[in-house]
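Spelled out from the first residue to the last, the chains are:
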Amino acid sequence: TSIVVACEGTRPIVVELQALVSPTSYPSPRRAGTGIDYNRLVQILAVLEKRVGIPLSKLDSYVASAGGLNVAEPAVDLGIAIAVVASFRDRVVAPFTVLIGEVGLGGQVRQVSQLELRLKEAAKLGFKRAIVPKGHQSFPDLGLEIIQVGRVIDAIVAALPAESEGGKEDEGDEEDKGDEEDL
């Protein structure tokens, strides 16, 4: 899962996005999106394959917004991409992290409107880190660690803690170790 801040008009809404990536049993893999724009999902999957090197063309990919909310704006692209990569790698997104950004066809993370409003909402709800597009010069002091990224690969590195950082992941660390032992 990943957490994004979508805007409905001028109202910021924090939304959890869930992804499941698994081997397909069909000749061509299935892609399904619930509560998100299907065409954006397919585009993000193509960017992850071409620009990041994640082999998704032979895997089923399912993405859904929790609670049945429809989030169709480009600002949630980064959250979709990170949720898909987290599922592919069987990893957990760093706790208390919110993702905001549009994913371009070249693998870049593009700026979005109302970023400050989105960050204020995330801070108000107790988030500690925000991964946002590079380019803003200053941010209000909201108590958030702001990580600016220019490419999707940079966002992946920031959002998914390395396995060797023992103890930094809260709940997912123990599960990851168990999965590795099973292999």
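Computed from a prediction, not measured in an experiment: that's the story for all the values here.

K.L.:
Sorry if this is basic, but what is going on with the overall build of the protein chain here?
P.N.:
Secondary structure assignment for the protein chain yields five helices and nine strands. In the protein chain, the succession of helices and strands from N to C terminus is β-β-β-α-β-α-β-β-β-α-β-β-α-α. Looking at the 183 residues of the protein chain, the share that counts as buried comes to 44%. Long-range pairs, those at least 24 residues apart, make up 68% of the contacts in the protein chain with a sequence separation of at least 6. Carbon together with sulfur atoms contributes 48% to the accessible area of the protein chain, which is approximately 9,500 Å² in total.

K.L.:
Looking at this structure, I do not really get the packing of helix α2 (residues 77-89) against helix α4 (residues 152-159). What am I missing?
P.N.:
A pair of packed helices can be characterised by two numbers: the angle between their axes and the separation between those axes. Packing of α2 against α4 brings their axes to within 10 Å, and their N-to-C directions diverge by 60°. Classified by the angle between their axes, α2 and α4 sit oblique to one another. For the pair α2 and α4, the sense of crossing is right-handed. On α4, the residues touching Leu78, Ala81, Ile82, Val85 and Arg89 of α2 are Val152, Ala155, Ile156 and Ala159. Looking at the contact of α2 with α4 residue by residue, the classes come out as eight nonpolar, no polar and one charged.

K.L.:
What is the right way to look at the nonpolar core in this model?
P.N.:
Soluble globular proteins: nonpolar side chains tend toward being buried together. Judged by nonpolar contacts, the single largest core of 39 residues is most densely connected at Leu48, Ile80, Val84 and Ile131. Per element, the largest residue contribution to this core is eight residues, and it comes from α2. Excluding its chain neighbours within four sequence positions, the residues that come into contact with Leu48 are Gly53, Ile54, Leu56, Ala81, Val84, Val85, Val152 and Ile156. Grouped together as the second largest cluster of nonpolar side chains are 13 residues, Leu119, Phe127, Val132 and Leu144 included.

K.L.:
Would you explain helix α1 (residues 38-52) in this entry?
P.N.:
Along an α-helix, residues three or four apart share an orientation, since each turn contains 3.6 residues. The end-to-end C-alpha separation of α1 is 20 Å, in line with the 21 Å expected for 15 residues at 1.5 Å each. Taken together, the buried positions of α1 are occupied by Arg40, Leu41, Ile44, Leu45, Val47 and Leu48. Buried residues of α1 fall within an arc of 160° about the axis and therefore sit on the same side. Exposed residues lying more than 90 degrees from the buried face of α1 are Asn39 and Lys50. Among the structural elements, β3 (31-34), β4 (59-65), α2, β6 (102-103) and α4 are those in contact with the buried residues of α1. Note on α1: the residue one or two positions beyond its end, Gly53, has a positive phi of about 90°.

K.L.:
Any chance you could explain the side chain of Glu73 here in plain terms?
P.N.:
Checked against the element boundaries, Glu73 lands in the loop between β4 and α2. In this view, Glu73 contacts Val5, Ala6, Cys7 and Arg118; residues no more than four positions away in its chain are not counted.

Parameters at a glance
Residues numbered from 1 in each chain as written. Predicted model: local features only at pLDDT ≥ 70, side-chain atom pairs only at ≥ 80, totals over all residues. Heavy atoms only, no water. Helix = DSSP H or I, 4+ residues; strand = E, 2+ residues; numbered from the N terminus. Buried < 20%, exposed > 50% of the residue type's maximum accessible area, 1.4 Å probe, protein only. Contact = heavy atoms within 4.5 Å. Areas by Shrake-Rupley, 256 points an atom, 1.4 Å probe, with all protein chains shown as cover. Axes fitted to C-alpha atoms, helices over the stretch in contact; angles between N-to-C directions. Parallel < 35°, antiparallel > 145°, perpendicular 65-115°, else oblique. Left-handed = near helix turned anticlockwise from the far one by under 90°. Nonpolar A, V, L, I, M, F, W, Y, C, P; charged D, E, K, R; others polar. Core = buried A, V, L, I, M, F, W, Y, C linked by side-chain atoms within 4.5 Å. Expected span 1.5 Å × (residues − 1). Arc of directions from axis to C-beta.

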